[in-house]
Amino acid sequence: MNAVGADARPSPAAGMSVFERYLTLWVALCIVVGITLGQLFPAPVQAIGKMELAKVNLPVGVLIWVMIIPMLLRIDFGALGQVRQHARGIGVTLAINWLVKPFSMALLAWIFIKQLFAPWLPADQIDSYVAGLILLAAAPCTAMVFVWSRLTNGDPYFTLSQVALNDTIMIFAFAPIVALLLGVASITVPWDTLLTSVALYIVVPVIIAQAVRARVHKRGGQAALDALLRALGPWSIVALLATLVLLFAFQGEQILRQPLVIALLAVPILIQVFFNAGLAYWANRAVGEKHNVACPSALIGASNFFELAVAAAISLFGFDSGAALATVVGVLIEVPVMLLVVRWVNASKAWYEAGART
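No experiment lies behind these values; they were computed from the predicted model shown.

### Quick look at the overall build of the chain
Secondary structure assignment for the chain yields 15 helices and 2 strands. Classification of the 358 residues of the chain by burial places 56% in the buried group. Here the analysis covers contacts within the chain between residues at least 6 apart in sequence; of these, 86% occur between residues at least 24 apart. When the accessible surface of the chain is summed, it comes to about 14,700 Å², and 68% of that surface belongs to carbon and sulfur atoms.

### Thoughts on the packing of aromatic side chains
The full count for this structure, using the stated rule, is 4 aromatic pairs. Aromatic side chains Y281 and W344 sit 5.1 Å apart centroid to centroid with 55° between the ring planes, which places their arrangement in the tilted category. Of the two residues, Y281 is situated in helix α11 (residues 260-287) and W344 in helix α14 (residues 322-347); the sequence distance between them amounts to 63 residues. Sitting over the face of the ring of W351, R285 holds its NZ or CZ atom 3.7 Å from the ring centroid.

### Here we look at the pattern of salt bridges
In total, this model carries 1 salt bridge according to the counting rule given. D127 serves as the salt-bridge partner of K114, at 3.1 Å between the closest nitrogen and oxygen. Linking K114 in helix α6 (residues 87-116) with D127 in helix α7 (residues 126-137), this pair joins segments that are 13 residues apart in sequence. Looking at K114, the relative accessible area reads 26%, which means it is partly exposed.

### Digging into the packing of helix α5 (residues 58-72) against helix α13 (residues 306-317)
The interhelical angle for the contact between α5 and α13, taken along N-to-C directions, is 160°, at an axis separation of 10 Å. Taken as axis vectors, α5 and α13 run roughly antiparallel relative to one another. The hand of the α5/α13 crossing is left-handed. On α13, the residues that touch V60, I64, M67, I68 and M71 of α5 are E307, L308, A311 and I314.

### A short note on a nonpolar patch on the surface
Taken together, the side chains of V33, L37, L40 and F41 define a hydrophobic patch exposed on the protein surface, amounting to about 350 Å² of accessible area. Examined against the element boundaries, L37 turns out to sit in helix α3 (residues 23-40). By relative accessible area, which is 32% here, L37 ends up partly exposed.

### Some words on unusual backbone geometry
At N153, a position not held by glycine, the phi torsion is positive, near 60°. Mapping N153 onto the fold places it in the loop between α8 (144-151) and α9 (156-184).

### Side note on the confidence of the model for the chain
Detailed reading of the predicted model is not advised wherever pLDDT is low. Put simply, the chain has an average pLDDT of 81, and 88% of its residues get 70 or more. Note on residues 1-14: pLDDT under 50 across the span, and 24 contacts to partners over four residues away in sequence or across chains.

What counts and what doesn't
- Residues numbered from 1 in each chain as written.
- Predicted model: local features only at pLDDT ≥ 70, side-chain atom pairs only at ≥ 80, totals over all residues.
- Heavy atoms only, no water.
- Helix = DSSP H or I, 4+ residues; strand = E, 2+ residues; numbered from the N terminus.
- Buried < 20%, exposed > 50% of the residue type's maximum accessible area, 1.4 Å probe, protein only.
- Contact = heavy atoms within 4.5 Å.
- Areas by Shrake-Rupley, 256 points an atom, 1.4 Å probe, with all protein chains shown as cover.
- Phe/Tyr/Trp six-rings, centres within 6.5 Å; stacked < 30°, edge-to-face > 60°.
- Lys NZ or Arg CZ within 6 Å of the ring centre and 35° of its normal.
- Salt bridge = Lys/Arg side-chain N within 4 Å of Asp/Glu carboxyl O.
- Axes fitted to C-alpha atoms, helices over the stretch in contact; angles between N-to-C directions.
- Parallel < 35°, antiparallel > 145°, perpendicular 65-115°, else oblique.
- Left-handed = near helix turned anticlockwise from the far one by under 90°.
- Patch = residues over 30% accessible without salt bridge, like charges linked within 9 Å, V, L, I, M, F, W, Y side chains within 5 Å.
- pLDDT = per-residue confidence, 0-100.

Below is the structure:
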């Protein structure tokens, strides 16, 4: 990824692929297609849902690997050696992602889902909605943060090093944090399924991606790796869309009965995005980091690795669970909300640099 000159900041439309730019539209279409298929062909949809091994749906497991591995191929864990060069920004990023974000979401979920919105939500799904929101917040963004960073002229080396470090921590911290917060929320933790999900959707894909990355890079260098990523990109997109179609096929009856659910679930997600982005941005300014470090730090604190969250929610609670639906709401609002954050940090650059101490 190349840095962009300070006077040549790209517009969001110019810096994103067609799929990235219209992700919300594609997700909305998946809702329509999925619900329609679930209503017209309930038997085949239910048959797909029963294709499980150790509580893991096999078709979805394959789709999620196709979705996640190309994203993990972009991560160079060799960048961990650069962490020392951005110690203050890395410190802010880690604090927001692991000490603030999951816990603030647990609090927001309790306030909005279990208290304020409870009368308008299906009573038997409330705990599941809370679990889905926690899963969403416990997985820091991996792939899309490179897009957000590019749109703000973020330091590419800082972005790479913070993503590599977050992914390393996620291997060890995701399951304990999720289990802790689910326990606090009085939700039974299926430890065997949770650990299986971590192994299937974090550990094994990371190992495969890094092995493939090393082999391709050794044979053809960065050009060969870039070519592979371009070739795999469409498959990753198709896998994401297919997963969402299946999920909404199972969720269709519930959504048709309770269309307000999606809007209510979006409220704590939106609050957390703006809270974490603002806190990270302010904290970087307070410790004297450069603007091109503060931007990707704020953006990774605000966005989520929603592919992992969706996978974990399906494995832990099932296709037709409130948890799965809650994670998909995160996908639905990801792009428009993050583009607002991008515009905000770009527009406030003069304010940031006037007050950042050195």
